[in-house]
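Descriptive analysis of the structure
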Amino acid sequence: MKPEKWVEVCALDALAPEEAMRFDHEGRSFAIIRSSDGDYFAIDGHCSHEKVHLSGGIVDGNIIECPKHFGTFDYRTGEARSLPACIDLRRYELKVDSDAVFIKI
Ligand code: FES
């Protein structure tokens, strides 16, 4: 198993509140989400129902909605919140340093 490391994702102002973006690194894909409060969160990029990227989903409150079948996840925890999504996603730690966002992977 590789040791965890911090990897730069984007500038702090890259996303507006309630926007999401895709971030790929070394063959892995993540969904980066900015809450209405301006905080950043990261979860697995692909929906746990089918392999659809969540970065194209709608962010509303603490929820991101999958763009394909509209299953929902709490992006703060990765918890699946509504069918057909029923398997939780992994959540990743983020930090802000020097006006950039970093993910621990
Ligand atoms: S692919 Fe996401 S809910 Fe079906």
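The name given to the chain in an unreviewed UniProt entry is Rieske family ferredoxin, with Rhizobium loti as the source organism.

Tallying secondary structure elements over the chain gives 0 helices and 11 strands in all. The helix and strand sequence of the chain, counted from the amino end, reads β-β-β-β-β-β-β-β-β-β-β. Across its three principal axes, the chain shows a C-alpha extent of roughly 40 × 35 × 20 Å. Here the chain holds 105 residues, and the buried ones make up 42% of them. Across the chain, contacts joining residues at least 24 apart in sequence account for 40% of those joining residues at least 6 apart. Put simply, the chain shows about 5900 Å² of open surface, and 47% of that area lies on carbon and sulfur atoms.

One pass over the structure, following the stated rule, counts 7 salt bridges. In this structure, Glu26 engages Lys5 in a salt bridge whose closest nitrogen and oxygen atoms are separated by 3.2 Å. On the criterion of sequence distance, the pair formed by Glu26 in the loop between β2 (19–25) and β3 (28–34) and Lys5 in the segment before β1 (6–11) is long-range, its members being 21 residues apart. Note on Glu26: relative accessible area 51%, which makes it exposed.

Next up on the list: the sheet that holds strand β4 (residues 40–44). Strand order across the open sheet formed by 4 strands is β2-β3-β4-β9, with antiparallel pairing between neighbours. Edge positions in the sheet fall to β2 and β9 (91–92), since each has one partner strand and no second.

Read across the sheet, 3 strands follow the order β1-β11-β10 without closing on themselves; strand pairing throughout is antiparallel. Strands with a single pairing partner mark the edges of an open sheet, and in this sheet they are β1 and β10 (94–97). Sheet twist, expressed as the mean angle between neighbouring strand axes with direction ignored, is 35°. Across 4 bridges, the pairing between β10 and strand β11 (residues 100–104) is antiparallel. When the bridges of β11 are listed, Val96 appears paired with Val101.

Right, let's get into the pairing of β11. Within β11, 4 of the 5 residues are buried, leaving the element largely enclosed by the surrounding structure. In the sheet, β1 pairs with β11 via 5 bridges, with the strands oriented antiparallel. Bridge pairing in β11 places Glu8 opposite Phe102. Between β10 and the antiparallel strand that follows it, β11, lie 2 residues; Ser98 among them carries a positive phi value of about 55°.

What counts and what doesn't
- Residues numbered from 1 in each chain as written.
- Predicted model: local features only at pLDDT ≥ 70, side-chain atom pairs only at ≥ 80, totals over all residues.
- Heavy atoms only, no water.
- Helix = DSSP H or I, 4+ residues; strand = E, 2+ residues; numbered from the N terminus.
- Buried < 20%, exposed > 50% of the residue type's maximum accessible area, 1.4 Å probe, protein only.
- Contact = heavy atoms within 4.5 Å.
- Areas by Shrake-Rupley, 256 points an atom, 1.4 Å probe, with all protein chains shown as cover.
- Salt bridge = Lys/Arg side-chain N within 4 Å of Asp/Glu carboxyl O.
- Pairing = 2+ DSSP bridges.
- Axes fitted to C-alpha atoms, helices over the stretch in contact; angles between N-to-C directions.

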